[in-house]
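Working through the structure, step by step
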Amino acid sequence: MIELQDLRLSYDRHRVLDGINFCAHFHEKIAILGESGEGKTTLLKLLLCLARPDSGRIVIDGQDITFLPESKLRQSRMKFSIVFQEGALFDSLDVRENVAFCMREFSTLSEEEIENKVRGLLRRVGIEEAIDLMPDELSGGMQRRVAMARSLAGCEPEMMLYDEPTSGLDPITADNICNLINELSSGSPTERRGLIIVTHDVEAAARVAERFLYLKDGKIVFDGGLDALTHTGHPGLRKFIKEILPR
Amino acid sequence: MEQMDYAGAGSFFIVFLVSLFIGMALSLQISTELSSLGLKMYTGKIVGISIIREIGPVAIALSYAGRVGSGMASEIGSMVLGHQVDMLRVFGIDPVKKLVIPRVLSSTIMLPLLTIIGDAVSLFGGYYISVFVSHQSGSFYWSQIRAIMGFQNIFSGIVKPFIFGFVIACISCYMGLATRGGARGLRRATTTAVVLSTIMIIITDFLLTRILFFVLGMQA
């Protein structure tokens, strides 16, 4: 269970989050929508304690992790895996080394086992042929696929976090990424791996998520399902989601 | 090893060039001045002491800060901006252990080695000017260099680059990790790393000189 209680955060006297309250189960599929600069990515970072709030509480499975020291955060971070906007691949390592990174750091697997697992993960995300390439030789879509493979390599996260996974991609690649996101979170609604996707691509959000949050002026001004979203009376949100509104 | 290769072997050419020309320029200046006093034969001694105790460690540290320090700050800074440092933290890996400690160690080891090489090159530069421009005796030049190769001078010349290497790497890594605000932030971090390193090298050099004079019982 994820609980965010009255989170507030400011950068340089600019209030980014202004009293965020939100609860979710790990198997939920959630999209956080909002315009640029509304604090969507910051919210993801707070879940992982990559940023700390000015006030409020972040509770993961009953444990308040808000101000836990870095050394004690591994257990709660292991429940999540994140795919950043540009993939955040280690640019001095090739695709194989990127995907194998966590296994080499934390597991006792032999090199042969690591190689097999890396190939299996790359096959799963559909880019096994890129195993020897460097990150700068990959397209944006391929980088995100590698990042997804890497995020699954270290552990089996209970929830995937995606930061603008379709941003800057052509429609076909974005479609493939959405399919992959759905595949990685497939299963029964109570057993599957959940996801939180942060995006301003409303169509992509509608394809992968079942619950939608809309951030405006540092607050969650909408929280509901697709049906409620398309029938919302909030003028700002209606404008934001006009692509998926019934004509 | 990768960091040592980048910091050490990668800096060899710039250290060689800087040291060679500093040695030659210093020898030229000193022999010209001493010549007017009829003391030109002491060029080797003054060049040697200046290079080994002071100019060698400082000049090479400044070159090193410009090349390696800026590289460290920009590399780590771009990792911060590209969320690679965040990924390390998500994986439960301490970025300081993974990124900072290898760089600090490599700098602390490689800068003294580069300084030894640079000092030697500077002395050869000084020798070239003394013999082929100022027309002094080469053997006398080297005998004076040998005479100043005592514990005090060598110790003084070796201790400084250890500290400089540590200071440059700490400042550069810190500025890299503190990078915020896109390309402009990266430029600011890199520039600040070099400027701060330069200032700290000069200040640390003075403080170390005072401390070494006291520890080694040398009179000002």
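Residues numbered from 1 in each chain as written. Chains lettered and ligands numbered in written order. Predicted model: local features only at pLDDT ≥ 70, side-chain atom pairs only at ≥ 80, totals over all residues.

Things to note about the overall build of chain A
Defined as follows: Strands are runs of DSSP state E lasting at least 2 residues, helices are runs of H or I lasting at least 4, and numbering of each runs from the N terminus. In this treatment the radius of gyration is a C-alpha quantity, and the globule benchmark scales as 2.2 Å times the residue count to the 0.38 power. Three exposure classes are used. Buried residues have 20 or more other C-beta atoms within 10 Å of their own C-beta, exposed residues have 12 or fewer, and partly exposed residues fall in between, all C-beta atoms being placed from the backbone. For every residue pair, C-beta atoms are placed from the backbone, and the pair is scored as a contact if these atoms sit within 7 Å.
Helix and strand content of chain A: nine helices and 10 strands. Its C-alpha radius of gyration of 18 Å places chain A within 12% of the 18 Å reference for a compact globule of 247 residues. Taken over the C-alpha atoms alone, chain A extends approximately 55 × 45 × 40 Å along its principal axes. Counting every position in chain A, which comprises 247 residues, the buried fraction comes to 40%. Partitioning the intrachain contacts of chain A with sequence separation of at least 6 by distance along the chain shows that 64% fall at a separation of at least 24.

Describing unusual backbone geometry
Residue and element names in this part refer to chain A. Backbone geometry at D61 places phi at a positive 50°, although glycine is not the residue there. Counting through the fold element by element, D61 comes out in the loop between β4 (55-60) and β5 (63-64). Note on D61: 13 C-beta atoms within 10 Å, which makes it partly exposed.

Concerning the pairing of strand β1 (residues 2-11) of chain A
Residues and elements named next belong to chain A. What counts is decided by this rule: Paired strands, in this sense, are two strands between which DSSP finds at least two bridges.
The sheet contact formed by β1 and strand β2 (residues 14-24) spans eight bridges and is antiparallel. Bridging across to β2, R8 finds its partner in D18. Remark: two residues form the turn of the hairpin made by β1 and β2, two consecutive strands paired antiparallel; D12 in that turn has positive phi of roughly 50°. Looking at chain direction, β1 and β4 are connected through five bridges and run antiparallel. Its bridge partner being in β4, E3 is matched across the sheet by V59.

Considering the interface of chain B and chain A
Buried accessible area, meaning the area lost when the parts come together, often serves as the stated size of an interface. What counts here: Under the grouping applied here, Gly and all other residues not named as nonpolar or charged are polar, the nonpolar ones being Ala, Val, Leu, Ile, Met, Phe, Trp, Tyr, Cys and Pro and the charged ones Asp, Glu, Lys and Arg.
At the interface, 10 residues of chain B touch 12 residues of chain A. Classifying every residue of the side of chain B that touches chain A by side-chain character gives four nonpolar, four polar and two charged.

Focus on the sheet that holds β1(A)
All names here are of chain A. Note the following rule: Note on method: axes are straight lines fitted to C-alpha atoms, helices fitted across the in-contact stretch only, with angles between N-to-C directions ranging 0 to 180 degrees.
Across the sheet, four strands lie side by side as β2-β1-β4-β5; this open sheet has antiparallel pairing. Single-partner strands in this sheet number two, and they are β2 and β5. In this fold helix α1 (residues 40-47) packs onto β1, β2 and β4, with an angle of close to 55° to the strand it touches most, β2.

Observations regarding the sheet that holds strand β6 (residues 80-83) of chain A
Residue and element names in this part refer to chain A. What the six strands build is an open sheet, ordered β6-β7-β8-β3-β9-β10; its pairing is mixed. Sheet topology places β6 and β10 (219-225) at the edges, where each strand pairs with a single neighbour. With strand direction ignored, the average angle separating the axes of adjacent strands in the sheet is 15°. Bridge count for strand β7 (residues 159-163) against strand β8 (residues 194-199) is five bridges, and the pairing is parallel. Pairing of M159 across the sheet is with G194, part of β8. Across the sheet, helix α5 (residues 140-153) lies against β6 and β7, angled at about 165° from β6, the strand it touches most.

A word on the packing of helix α2 (residues 12-37) of chain B against helix α3 (residues 43-81) of chain B
Residue and element names in this part refer to chain B. Threshold: Left-handed describes a crossing in which the near helix is turned anticlockwise from the far one by less than a right angle; the clockwise case is right-handed.
Packing of α2 against α3 leaves a shortest axis separation of 9 Å and a crossing angle of 145°. Read as a crossing pair, α2 and α3 show a hand that is right-handed. Taking contact as the criterion, the partners of I14, V15, V18, S19, I22, G23, L26, S27, I30, S31 and L34 in α2 are, on α3, T43, I46, V47, S50, I51, I55, G56, A59, I60, S63 and R67. Classifying every residue of the contact of α2 with α3 gives 13 nonpolar, eight polar and one charged.

Description of the confidence of the model for chain B
The following threshold applies: Confidence of the predictor in every single residue is expressed as pLDDT, which spans 0 to 100.
The pLDDT averaged across chain B works out to 90; a share of 100% of its residues lies at or above 70. Interface scoring of the predicted complex returns ipTM 0.86; its pTM is 0.85.

Overview of the domain arrangement of chain A
The cut-off we apply is this: Each domain's extent is set by a domain assignment, obtained either automatically or from a database.
Along its sequence, chain A is organised into domain 1 (1-38 + 52-78 + 197-247) and domain 2 (81-156). Look at where the C-alpha atoms of domain 1 of chain A and domain 2 of chain A centre, and you get two points 28 Å apart.

Focus: the confidence of the model for chain A
With 98% of its residues at a pLDDT of 70 or more, chain A shows a mean pLDDT of 88. Model confidence for chain A, summarised as mean pLDDT per element, is weakest for helix α9 (residues 235-240) of chain A at 82 and strongest for strand β3 (residues 29-33) of chain A at 93.

Quick word on the packing of helix α4 (residues 111-124) of chain A against α5(A)
Residue and element names in this part refer to chain A. We apply this condition: Oblique is the label for any angle not under 35 degrees, not over 145, and not in the 65 to 115 range, which are roughly parallel, roughly antiparallel and roughly perpendicular in turn.
Running from N to C, α4 and α5 cross one another at 135°; their axes reach a closest spacing of 9 Å. By the angle between their directions, the pair α4 and α5 is classed as oblique. The hand of the α4/α5 crossing is right-handed. Across the interface between the two elements, K117, L121, L122 and R124 from α4 touch A149, L152 and A153 from α5.

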